[in-house]
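A closer look at the structure
Spelled out, the chains give:
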Amino acid sequence: MAMSEMFTQLGSVAAGIMFLWAMFQQYFPYELRPHIQKYSQKLVSFVYPYIQITFQEYSADRWRRSEAYVAIQDYLSSNSSSRARRLKADIIKDSQSVALSMDDHEEVTDEFQGVKLWWASSKSFPKTQRLSFYPAFDEKRYYRLTFHKRNRDLIVGTYLNHVIKEGKAIAVRKRQRKLFTHNPSKNWYGYKRSVWSHVPFEHPATFETLAMESKKKEEIVTDLTIFRTRKQYYSKIGKAWKRGYLLHGPPGTGKSSMIAAMANLLNYDIYDVELTSVKDNTELRKLLIETTSKSIIVIEDIDCSLDLTGQRKKKKEEEKEESKDDPLLMKGKENESKESKVTLSGLLNFIDGLWSACGEERLIVFTTNHVEKLDPALIRRGRMDKHIELSYCCFEAFKVLAKNYLDIDSHNLFPSIERLLGETNMTPADVAENLMPKSITDDPETACLKDLIQAIETAKEEARVKAEKEAKEKEEEEERLKKEKEAKEKEEAAGEAKEKEKTEEKVKENGVVPAVKENGVVS
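Basis of the calculations
- Residues numbered from 1 in each chain as written.
- Predicted model: local features only at pLDDT ≥ 70, side-chain atom pairs only at ≥ 80, totals over all residues.
- Heavy atoms only, no water.
- Buried < 20%, exposed > 50% of the residue type's maximum accessible area, 1.4 Å probe, protein only.
- Helix = DSSP H or I, 4+ residues; strand = E, 2+ residues; numbered from the N terminus.
- Pairing = 2+ DSSP bridges.
- Axes fitted to C-alpha atoms, helices over the stretch in contact; angles between N-to-C directions.
- Left-handed = near helix turned anticlockwise from the far one by under 90°.
- Contact = heavy atoms within 4.5 Å.
- Nonpolar A, V, L, I, M, F, W, Y, C, P; charged D, E, K, R; others polar.
- Polar contact = N/O pair within 3.5 Å; in protein donor to acceptor, adjacent residues only side chain to side chain.
- Disulfide = S-S within 2.5 Å.

Re the pairing of strand S12 (residues 362-368)
Of all seven residues making up S12, seven are buried, and the element is well covered by its neighbours. Both faces of S12 are covered, namely the face carrying Arg 362, Ile 364, Phe 366 and Thr 368 and the face carrying Leu 363, Val 365 and Thr 367. Summarising the sheet, strand S11 (residues 295-299) and S12 pair through five bridges and their orientation is parallel. Counted as the bridge partner of Val 298 is Val 365 from S12.

Observations regarding the packing of helix H15 (residues 395-406) against helix H17 (residues 428-435)
Packing of H15 against H17 leaves a shortest axis separation of 10 Å and a crossing angle of 35 degrees. Considering how the two elements wind past one another, H15 and H17 form a crossing that is right-handed. When H15 is examined against H17, the residues Phe 398, Leu 401, Ala 402, Tyr 405 and Leu 406 are found in contact with a partner set consisting of Pro 428, Val 431, Ala 432 and Leu 435. In the contact of H15 with H17, the residues fall into nine nonpolar, no polar and no charged.

Quick look at the sheet that holds strand S7 (residues 178-182)
Judged by pairing direction, the sheet is mixed, and its seven strands sit side by side in the order S8-S7-S10-S11-S12-S9-S13 without closing on themselves. Only two strands of the sheet have a single partner each, and these edge strands are strand S8 (196-200) and strand S13 (386-389). With strand direction ignored, the average angle separating the axes of adjacent strands in the sheet is 25 degrees. Sheet analysis places S7 next to strand S10 (residues 269-272), joined by three bridges and oriented parallel. Residue pairing for S10: Phe 180 is matched across the bridge by Tyr 271. Together, strand S9 (242-248), S10, S11, S12 and S13 form the strand contacts of helix H8 (residues 255-266), whose direction differs from that of S12 by roughly 170 degrees.

Considerations on the sheet that holds strand S4 (residues 106-112)
Overall, antiparallel pairing links the four strands, which are arranged S1-S6-S5-S4 in an open sheet. Of all strands in the sheet, those bounded by a partner on one side alone are strand S1 (50-56) and S4. Within this sheet the neighbouring strands show an average axis-to-axis angle of 25 degrees, counted without direction.

Side note on the side chain of Gln 176
Within the secondary structure, Gln 176 sits in the loop between helix H5 (152-174) and S7. A polar side-chain atom of Gln 176 sits 3.5 Å from a polar atom in the side chain of Glu 202.

Side note on the state of the cysteines
Under the counting rule described, the total for this entry stands at zero disulfides. Cys 393 provides the cysteine sulfur closest to Cys 394, a residue in no disulfide bond, and the two sulfurs are 6.0 Å apart. Since its relative accessible area comes to 23%, Cys 394 is described here as partly exposed.

See the structure below:
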């Protein structure tokens with residue numbers, strides 16, 4: 001009976017408190033509430049000796065996730081799997097392992113130098129009722145740290161720095177490389193804004209599998225390794241911590257594979273910039289700002305992306321003159337100009353201007369099949385610091401491919417292949433295609449090597465025929481020009497003779513001998 005009376009009294013007290021709270025919310029002046037909350041918290045602090053620190057997921061601008069929040073999330077993921085009861089799972093590096101993190105409204109304990117503290121994961125909703133088309137965007141996630149006030153100096157001065165540092169280290173260990181592509185500019189603003197989209201980067205290329213001379217590979221690897229460890233050096237000399245690479249050579253020589261090998265060596269993300277879909281220089285700068293450190297910014301086939309050959313202004317003036325009398329052509333040029341207004345100046349500022357310093361530890365890589373078409377200002381040293389020529393397959397590169405595809409280091413057909421490769425230009429891509437086994441045989445190595453020899457001989461013959469054809473066409477063109485020149489000279493001689501006859505007839509008619517000047521002109 002006493003127990004039931006106690007529950008009845010508790011129920012009455014709870015109902016009374018709820019009634020008073022409802023009356024307070026409805027009738028108490030809103031202007032006075034902050035003062036009431038401030039003094040009530042002071043009163044509570046006398047009996048509640050704990051301090052709380054909140055880490056919001058998003059900063060004040062609401063567009064970028066807080067670095068502190070992300071670091072805490074990674075830090076807690078290392079011990080929440082063994083202590084928390086409710087967890088969230090996600091796939092991480094190489095899609096082969098699962099990462100566990102705290103679920104919402106879960107709490108775990110941590111200990112640092114003998115001090116016990118508590119981490120809680122929570123989220124809040126707007127206090128006012130409103131209709132929202134994006135309710136998830138209205139949620140505010142945060143972590144809350146609770147600890148005793150006597151440990152304030154230890155937690156604020158040492159523990160939080162330890163958490164941030166350890167969280168970033170964990171993120172580096174577990175992070176998966178990503179390949180980014182930029183979204184249309186209409187997706188850059190508003191709800192769920194996203195400048196870049198990404199997929200996991202799982203390209204298997206390494207410098208060990210690249211088909212090129214070992215000396216050149218060692219030179220590139222050394223250059224990349226030194227760059228990665230030169231943060232203090234770049235700061236000392238007053239330069240942004242970035243480096244430019246220009247990869248040039250015929251199609252099929254391994255420029256894209258080189259970029260993948262760089263990313264795998266340095267463990268960097270890749271940002272693929274498609275200049276033709278960037279409207280203007282402002283958008284280009286926006287893309288640069290949204291990239292992260294430890295990344296490679298790639299512009300492939302830059303000679304085909306935009307008119308960056310240094311002849312832009314002259315070419316535009318000529319096209320304007322040609323299309324002045326053609327309304328349809330003029331309209332087409334106007335529509336084309338709306339698609340991309342990125343200029344050479346804007347691109348130079350992107351890679352080497354003030355905006356290029358918005359970030360650190362980044363590589364900027366251009367690829368081209370025709371380096372001679374590029375403006376010298378774009379590829380000079382200091383912008384493209386290292387020029388790497390990727391040429392046709394040599395015998396040393398072939399041996400790398402033979403090891404990759406056939407797992408052999410030597411064969412009796414190697415001398416023939418070495419001789420043919422010295423006489424014929426064939427790209428590594430073409431060589432690799434012929435080394436790919438296409439049927440099940442008892443001796444696939446010999447079959448593939450014979451196919452390669454046949455392909456090289458065919459390419460050699462085609463090159464000979466092409467050279468003869470070009471020589472013949474050149475000879476015919478020279479003969480045609482020679483005949484045109486002779487015909488023109490004959491025509492000029494005939495004109496001069498005719499003019500002379502007219503002059504003589506005029507002399508006979510007038511009976512006057514014309515005066516001849518020093519230059520031979522008859523007056």
